[in-house]
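Structure at a glance
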Amino acid sequence: MSDLSRIYSELQLLGVTPNYKGYRQTALAVELALQNEESLSHITKGVYKAVAAQTGCTKFSVERNIRTAAHVAWEINPARLAALAGYPISSAPSALGLVTILVSHIQRAQPASTESPAP
């Protein structure tokens, strides 16, 4: 299963469905962050801006839509959200929080490299 398929699957399990603008935008943001984890430290200028360019809106709209997705996930399936995070959550995560939770979950789910270190 590809990363993007896995991301969409997790979003649907959280209750974030394709009828939300944040569904695709969250998936794209997670995919970009998986490609370059450093981008999480400057998510508005990097990830949100890139997602905005791909989806035809502003980076502020992207952040708002991902924040809405985080609130939907919190309202519909908070137990699953906490399980993905790997720690207790007492309120809906921020947009960055949701992206980070999904990035960490996908990274943990990927099989470890079987290459042995160079001598």
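Please refer to the structure higher up on the page.
Analysis parameters
Residues numbered from 1 in each chain as written. Predicted model: local features only at pLDDT ≥ 70, side-chain atom pairs only at ≥ 80, totals over all residues. Heavy atoms only, no water. Helix = DSSP H or I, 4+ residues; strand = E, 2+ residues; numbered from the N terminus. Rg over C-alpha atoms; globule rule 2.2 N^0.38 Å. Buried < 20%, exposed > 50% of the residue type's maximum accessible area, 1.4 Å probe, protein only. Contact = heavy atoms within 4.5 Å. Areas by Shrake-Rupley, 256 points an atom, 1.4 Å probe, with all protein chains shown as cover. Lys, Arg positive; Asp, Glu negative; His and termini not counted. Charge placed at Lys NZ, Arg CZ, Asp CG, Glu CD.

Our next topic: the overall build of the chain. Counting secondary structure elements, the chain contains 6 helices and 0 strands. Along the chain, helices (α) and strands (β) appear in the sequence α-α-α-α-α-α when read from the amino end. For a compact globule of 119 residues, the expected C-alpha radius of gyration is about 14 Å, and the chain comes in at 14 Å, within 12% of that figure. Burial status across the chain gives 40% buried among its 119 residues. Counted over contacts in the chain with a minimum sequence separation of 6, partners at least 24 positions apart contribute 58%. Approximately 6,600 Å² of the chain is accessible, and the part contributed by carbon and sulfur atoms is 54%. When the 10 positive and 8 negative side-chain charges of the chain are each reduced to one mean point, those points stand 10 Å apart.

By secondary structure assignment, the location of glutamine 25 is in helix H2 (residues 21–35). Of the residues examined, glutamine 25 reaches a relative accessible area of 5% and is grouped as buried.

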